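Coordinate inspection notes
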Amino acid sequence: MNGPTTDPEALRERALAALLAARDRTTLLTTCVEDAELTAQHSPLMSPLVWDLAHIGNQEEQWLLRAVAGRDAMRPEIDPLYDAFEHPRSQRPSLPLLAPAEARGYAAEVRGRALDVLEKTPFGGTPLTDAGFAFGMIAQHEQQHDETMLITHQLRSGPTSLTAPDPEPFPPFAGPDEVLVPGGPFTMGTSTEPWALDNERPAHRRLVPPFFIDTTPVTNAAYQRFIDDGGYEEMRWWSPAGWAMVRQNNLRAPLFWRREGGQWLRRHFGTVEPVPADEPVLHVSWYEADAYARWAGRRLPSEEEWEKAARHDPVTDRSTRYPWGDADPTPERANLGQRHLRPAPAGSYPAGESPLGVRQLIGDVWEWTSSDFLPYPGFAAFPYREYSDVFFGGDYKVLRGGAFSVDAVACRGTFRNWDHPVRRQIFSGFRTARDAGPTETPAPEAV
């Protein structure tokens, strides 16, 4: 798609493809291990995989069968079991959850009925059916839980159960370390993307001073220099809360890393491998990203800086859907959709770079920003408060750009993710930024 479409039949076809792709991925993630692995809790931070499976079906039933089609509840008694706000993840294994076979059957029955609803529902007339929003929302929801299940697969012990080819090789990156993003206003957020979620809306103008941003995400090799220079031992690089986290947990490196035989190794989906020097660093918390940036004499970009670097074309003064323009992601432009199980080397995907030459802003690793998760001016919760509204103003930092674990339906230049600054199990990395000095900013007529 070269831009947001309003054609109902094109949107219906897109919704069908998105729903089917999400279910194929869910099936892969829940059939590649034995049932005992589905019902186990592999980390108190995560739900059992079987909870995610039935939760996916329950959300689809509630929104597509009940809210859109007006049908009676299939199994109202299980609604509380799969309400994400009713029970914290650490308690979910003790609930009377559906067994794997029953969860699969329930999700499959809901899906069969949902596809019938998709075929028969007119697009338009209600906020939920306008542009097929509810169907796009459910496809995104399932893909978000697929990413959550992929995180669980990384956390689980035992041999690997997932395989995928390595990213395609690209010529080594030989560009500059950073690029200047000119100062001035740009349009942030969206009011036109049909399946954008409430926290991405509405479009509004932001004034951003000039700044420099890394051309690529920070690599494992660069992060190792921070470690080797005593980064985890120097309080001066850390915020007070970050330093407390380091000391309380005796942290010395990103999650899943260990030092052995004079080299850094990492556990990656059940295998142990040398840490790849040229890949973007992965599994670092916001506190670690912030400390690295301070050590490097830089800082994390704000959310508006990140989005301006990713979407603003200084020649046309347009904010595009993606760094490369309005066309949908392709394998040549970004590493998305669990096509690979790792980030591509920093500097990959030249076809996906922004007009200013910034690479890998979409895909590979989620990128921490310096910003707290807050609503945009004019925000309105839709279709329920619990997606975004209840998280605003809390202890959450914004991540941008998606990762190899994210499907394209749930990733765009305006998409906002958020998490606690201590989180390391997520597929998170970062890039750094710095203010532009007066002598580094071109005259207005040269911009």
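Residues numbered from 1 in each chain as written. Predicted model: local features only at pLDDT ≥ 70, side-chain atom pairs only at ≥ 80, totals over all residues. Heavy atoms only, no water.

It is worth spelling out the pattern of salt bridges at this point. Within the structure shown, the criterion is met by 45 salt bridges. Note that E304 and R206 form a salt bridge whose closest N and O atoms lie 3.4 Å from each other. Highlighted residues: E304 in helix α9 (residues 303-311) and R206 in strand β3 (residues 204-208), separated in sequence by 98 residues. Measuring nitrogen to oxygen at the nearest pair gives 2.8 Å for the salt bridge that ties E367 to R431. With E367 in strand β10 (residues 366-372) and R431 in the loop between β13 (428-429) and β14 (433-435), this residue pair connects regions lying 64 residues apart in the sequence. Comparing E367 with R431 shows no difference in burial state: the two are buried. (Salt bridge = Lys/Arg side-chain N within 4 Å of Asp/Glu carboxyl O. Helix = DSSP H or I, 4+ residues; strand = E, 2+ residues; numbered from the N terminus. Buried < 20%, exposed > 50% of the residue type's maximum accessible area, 1.4 Å probe, protein only.)

On to the packing of helix α3 (residues 49-68) against helix α5 (residues 133-155). Relative placement of two packed helices is described by the angle separating their axes and the distance separating the axes. Following both chains from N to C, one finds α3 and α5 inclined at 175 degrees, their axes separated by 10 Å at the closest point. Regarding the angle of α3 to α5, the classification is roughly antiparallel. Every residue of α5 that contacts α3 at L49, W51, D52, H55, I56, Q59, E60, W63, L64 and V68 is listed here: A134, F135, M137, I138, H141, E142, H145, D146, T148, M149, T152 and H153. (Axes fitted to C-alpha atoms, helices over the stretch in contact; angles between N-to-C directions. Parallel < 35°, antiparallel > 145°, perpendicular 65-115°, else oblique. Contact = heavy atoms within 4.5 Å.)

Next up on the list: the layout of surface pockets. Estimated volume of the second largest pocket: approximately 380 Å³. What lines the second largest pocket is a set of 20 residues, and nearest its centre among them are D177, D214, T216, P217 and A222. Looking at the lining of the second largest pocket residue by residue, the classes come out as eight nonpolar, six polar and six charged. (1 Å grid on protein atoms, 1.4 Å probe; cavity = no way out; pocket = protein on both sides within 12 Å on 5 of 7 lines; lining within 4 Å. Points joined across faces, edges and corners; volume = space filled by probe spheres on them. Nonpolar A, V, L, I, M, F, W, Y, C, P; charged D, E, K, R; others polar.)

As a further point, take unusual backbone geometry. For the peptide bond that leads from R201 to P202, omega is -10 degrees, which places it in the cis range. Its location among the elements puts P202 in the loop between β2 (184-188) and β3. Omega for the bond connecting F382 with P383 falls within 30 degrees of zero, at 0 degrees, which places this linkage in the cis form. Tracing the backbone shows P383 in the loop between β10 and β11 (397-400). In this structure, Q338 is a non-glycine residue whose phi angle is positive, near 60 degrees. Here Q338 lies in the loop between β9 (318-319) and β10.

Moving on: the environment of D328. Note on placement: D328 falls in the loop between β9 and β10. For the pair formed by D328 and C411, sequence separation is 83 residues and the distance between their alpha carbons is 10 Å. Side chain to side chain, D328 and R321 meet in a polar contact 3.0 Å long. (Polar contact = N/O pair within 3.5 Å; in protein donor to acceptor, adjacent residues only side chain to side chain.)

Locating E13 in the fold gives a position in helix α1 (residues 8-31). Residue classification places E13 among the exposed positions, given a relative accessible area of 59%. Separated by 106 residues in the primary sequence, E13 and E119 have C-alpha atoms spaced 9.6 Å apart.

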